[in-house]
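A look at the structure
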Amino acid sequence: MNEFQSLVDLLDLQAVDLQIDRFLHLRQSLPELQEFRVAHARSEQIAVRLAEISDEFKQISLEEDKAEGELELLEQKVHQKELRLFAGGLSARDTDNMRREVESLRNRENSMEDDVLVLLDRREQLETEVEAIKVELESAQSEERRLEAIIGDEWKKLDAEIAKKEVRKQDIVPLIDPDLLELYESLRQHKEGVAIGRLEDGGICGGCHLRLSTAEQQQVLAAELPRCLHCRRILVP
Ligand SMILES: [Zn+2]
């Protein structure tokens, strides 16, 4: 059986490789990964909304500041005209004109005050909205961090397992003929990770589980490297 020792070692290698494959698969299929992607997308959406509402808030704040400034100037103007009227000494006609002017300015002042109130209202509304979105974002980000921590822990455990298997693999690889190893690697790529199987009782291929007839088994075993006639995987008698 010595001539098949390399194949038995290769079977060992495949067992280790399949364990590594399984850990790698587990690494990429943690349910928390999917949850993390959802949470991350949600955070990003909220962040975009926060930026939009913050911009609108800034815009309205500027408009409100501007309107308040204009209102203040108008108030000063009205005040000056009134002082001029209090001082007296104007002709009856000028007095009347100025009185009308003050009245018209007062009307404008009232309408501007209404505008400022509307802006103030909107500004407060947006401020509340910004605060609410910040809270929402904080909660989404903390969910992200929670999932990140779980994934980090799980990956650490899996990576430690993979590292152990890699050490085992390094012990086996030098035992195998390089050409055989190359064939094995290439078969693994095309055969769902399984390159080699035992030839089970009754002539069943351990790789594809199809049966080889007695004549086929003889033909396969006569070859320098036994390979399944159905799936071309390497067979270990
Ligand atoms: Zn087969």
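Attention in this report is confined to the structure presented alongside it. Remember, predicted model here, so these are calculated numbers, not experimental data. (Residues numbered from 1 in each chain as written. Predicted model: local features only at pLDDT ≥ 70, side-chain atom pairs only at ≥ 80, totals over all residues. Heavy atoms only, no water.)

A look at the nonpolar core
What counts is decided by this rule: Within this scheme, the nonpolar core is defined by two criteria: the residues are buried Ala, Val, Leu, Ile, Met, Phe, Trp, Tyr or Cys, and they are joined through side-chain atoms within 4.5 Å. Categorising residues by exposure relies on relative accessible area from a 1.4 Å probe, with only protein chains included: less than 20% of the type maximum marks a residue as buried, more than 50% marks it as exposed, and the intermediate range marks it as partly exposed. Working definition: helices are DSSP H or I runs of at least four residues, strands are E runs of at least two. Numbering for both runs from the N terminus. Throughout, a contact is declared for two residues whenever any of their heavy atoms are within 4.5 Å.
Of all hydrophobic cores here, the largest spans 20 residues; its most connected members are L7, L10, L13, I176, Y184, I196 and I234. Among the secondary structure elements, those contributing two or more residues to this core are α1 (5-28), α3 (92-172), α4 (178-190) and β3 (234-236). Per-element tally for this core: the top contributor is α1, with seven residues. Residue contacts for Y184: discarding those within four places in its chain leaves L10, L13, Q14, D17, A195 and I196. Counting 19 residues, the second-largest nonpolar core is a separate cluster that includes I46, I60, L105 and L126.

Details of the packing of aromatic side chains
This is how it is decided: In summary, the pairing rule links any two rings of Phe, Tyr or Trp, Trp by its six-membered ring, whose centres are within 6.5 Å, and it sorts them by plane angle into stacked for under 30 degrees, edge-to-face for over 60 and tilted for everything else. Placement of a positive charge over a ring is assigned whenever Lys NZ or Arg CZ falls within 6 Å of the ring centre and within 35 degrees of the normal to the ring plane.
Summed over the entire model, instances satisfying the criterion amount to zero aromatic pairs. Above the ring of F23, the side-chain terminus of R22 is found at 5.1 Å from the ring centroid. Geometry around W155 places R27 over its ring, the cationic atom sitting 4.0 Å from the centre.

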